[in-house]
Amino acid sequence: LLWPSQVAFAAAFWGLPLIGVWIAAGPGPWLLLPCGLALWGTAHTRLTGNRLRRVAVPGLPIRVAHLSDIHAGGLMHRAEVAALVRAVNAAEPDLVLITGDQLMPFSEADHGWLLDELKKLRAPVRMCAGNHDLPVLARLQAECAAAGMPMLVDAQEILEIRPGAGSGAGGDPVQIELTGVNFYWKKPGDRLTELLARLPPPPPDACRILLAHDPRAGVCAPPGRFDLVLSGHTHGGQLGLNMFGWPVSVLRIFGWRDQGMFVSEPDNPRPTRHFVHSGNWWMAMPPRMGVAPEIVLCQDDR
């Protein structure tokens, strides 16, 4: 029943701008417009959802799979997560990073199956916390650590990753500094500044990656401190024009980093690249409008 309800809700949403027309002249043929948008938007989400998207990050020494906003629960089922894991494994990343919202409201008490599926990822897994993880954060963090997938909550970790190990062509190990910032509703930039002030500096030759569920925190990353910042939270802006070939959403109108790559100080020899993930959950309330979920593979394309 989820798909018909998705179409119905989307039709109602797209019909909101036409309410004045309906009051004045009745629905008539105008009804075809929101129904058509709802059908195409839902089909676009279903047909293109969670496909592999390759993102060029010059100088990145490893292949990083980026997931976000899985929202495991009654509307993101085990079979869907299992398919997600299979697709990630097929891409043979060196490291999998998940930027928060592993859970969904009402799934806090029963999410063991999610960790069972994520443990099938062949590459090392690290994650940060999102706003929907906060109600059970201590428990979830302990469970992830026990499963071998640490959640970095205002914490730093130095990893040694062998590029290409998953494909059997491993190179020399490289150092990766991972920093994960917790989710804060208020002043996320100030919280990130406080965190970085008390953490030790990264090794001089390490690739430096920040995991920040909230793009607002990612925006506040000090220039030159990180090579790559990964975020989620926006679901691609929720209402996007991707189904027409324009990867932009209403959030960008209000100054948010909604989806895709943003580069700070592009003329800097080592600029900060900030990628905002569209999320891996796609169903139910509120539904996505015109923007599909994705599996992101960050790699140096040179």
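Residues numbered from 1 in each chain as written. Predicted model: local features only at pLDDT ≥ 70, side-chain atom pairs only at ≥ 80, totals over all residues. Heavy atoms only, no water.

Report on the sheet that holds strand β13 (residues 294–299), specifying residues and quantitative values.
Sheet strands associate in pairs through backbone hydrogen bonding, adopting either a parallel or an antiparallel arrangement. Read from one edge to the other, the open sheet built from five strands follows the order β1-β13-β2-β3-β4, with strand pairing classed as mixed. Two strands lie at the open edges of the sheet, namely β1 (51–56) and β4 (125–128), each paired on one side alone. For this sheet the average axis-to-axis angle between neighbouring strands, irrespective of direction, equals 25°. Pairing geometry for strand β3 (residues 95–99) and β4, over four bridges, is parallel. Across the sheet, the residue bridging to V96 is V125, located in β4. Sitting on the sheet, helix α4 (residues 78–91) touches β1, β2 (64–67), β3 and β13, and the angle it makes with β13 is about 20°. (Pairing = 2+ DSSP bridges. Helix = DSSP H or I, 4+ residues; strand = E, 2+ residues; numbered from the N terminus. Axes fitted to C-alpha atoms, helices over the stretch in contact; angles between N-to-C directions. Contact = heavy atoms within 4.5 Å.)

Please provide a residue-by-residue account of the nonpolar core, values included.
Ranked by internal contacts, the top residues of the largest apolar core, which has 33 residues, are I70, V96, I98, L114, L118, M127 and M151. When residues of this core are traced back to their parent elements, those giving at least two are β2, α4, β3, α5 (112–118), β4, α6 (137–146) and β13. Sorting elements by how many residues they give to this core places α4 first, with five residues. The next biggest cluster of nonpolar side chains, apart from the first, holds 21 residues, and it includes V55, L152, L230 and C298. (Core = buried A, V, L, I, M, F, W, Y, C linked by side-chain atoms within 4.5 Å. Buried < 20%, exposed > 50% of the residue type's maximum accessible area, 1.4 Å probe, protein only.)

Which residues make up the packing of aromatic side chains, and what are the values?
The way to describe two aromatic rings as a pair is by their centre distance and the angle between their planes. For the structure on display, the rule yields two aromatic pairs. Ring centres 4.7 Å apart and planes at 85° place the aromatic pair F183 and W185 in the edge-to-face group. Looking at F183, the relative accessible area reads 5%, which means it is buried. Of the residues examined, W185 reaches a relative accessible area of 57% and is grouped as exposed. A centroid spacing of 6.2 Å and a plane angle of 45° characterise the contact between F244 and W246, whose relative ring orientation is tilted. The exposure class of F244 is partly exposed, given its relative accessible area of 38%. Directly above the aromatic system of F226 lies the positively charged group of R225, at a separation of 4.5 Å from the ring centroid. (Phe/Tyr/Trp six-rings, centres within 6.5 Å; stacked < 30°, edge-to-face > 60°. Lys NZ or Arg CZ within 6 Å of the ring centre and 35° of its normal.)

Which residues make up the state of the cysteines, and what values go with them?
Should the sulfur atoms of two cysteines be covalently bonded, the bond is a disulfide. According to the stated counting rule, one finds zero disulfides in the structure shown. Summary of cysteine pairing: C298 is not part of a disulfide, and the nearest cysteine sulfur, belonging to C207, is at 10 Å. Judged by relative accessible area, C298 falls into the buried class, the value being 0%. (Disulfide = S-S within 2.5 Å.)

So what's going on with the sheet that holds strand β5 (residues 155–161)? Which residues, and what values?
Taken together, the six strands give an open sheet; going across it, the order is β5-β6-β7-β8-β12-β11, and neighbouring strands pair in mixed fashion. The sheet is open, and its two borders are formed by β5 and β11 (260–264), each paired with just one other strand. Across this sheet, the average inter-strand angle for adjacent strands is 20°, counted without regard to direction. Against the sheet, helix α7 (residues 188–198) makes contact with β5, β6 (174–181) and β7 (207–212), and its axis sits at roughly 135° relative to β6, the strand it touches most.

An account of the environment of E143 is needed here, citing residue identities and associated values.
Its location among the elements puts E143 in helix α6. Separated by 111 residues in the primary sequence, E143 and F254 place their C-alpha atoms 37 Å from one another. Those residues within four positions of E143 in sequence are excluded, and the remaining contacts are H111 and L115.

Quick rundown of the side chain of E117? Include the residues and the values.
Inspection of the secondary structure puts E117 in helix α5. For E117, a relative accessible area of 5% gives the class buried. Setting aside residues up to four positions removed in sequence, E117 forms contacts with R78, V81, A82 and V85.

Help me get a handle on the packing of helix α1 (residues 2–15) against helix α3 (residues 32–48), residues and values and all.
In the contact formed by α1 and α3, the axes pass within 8 Å of each other and the chain directions differ by 135°. With respect to each other, α1 and α3 are oriented oblique. Every pair of crossing elements has a handedness; the one defined by α1 and α3 is right-handed. The residues of α3 that touch α1, namely those facing W3, Q6, V7, A10, A11, W14 and G15, are P34, C35, L37, A38, L39, T42 and R46. (Parallel < 35°, antiparallel > 145°, perpendicular 65-115°, else oblique. Left-handed = near helix turned anticlockwise from the far one by under 90°.)

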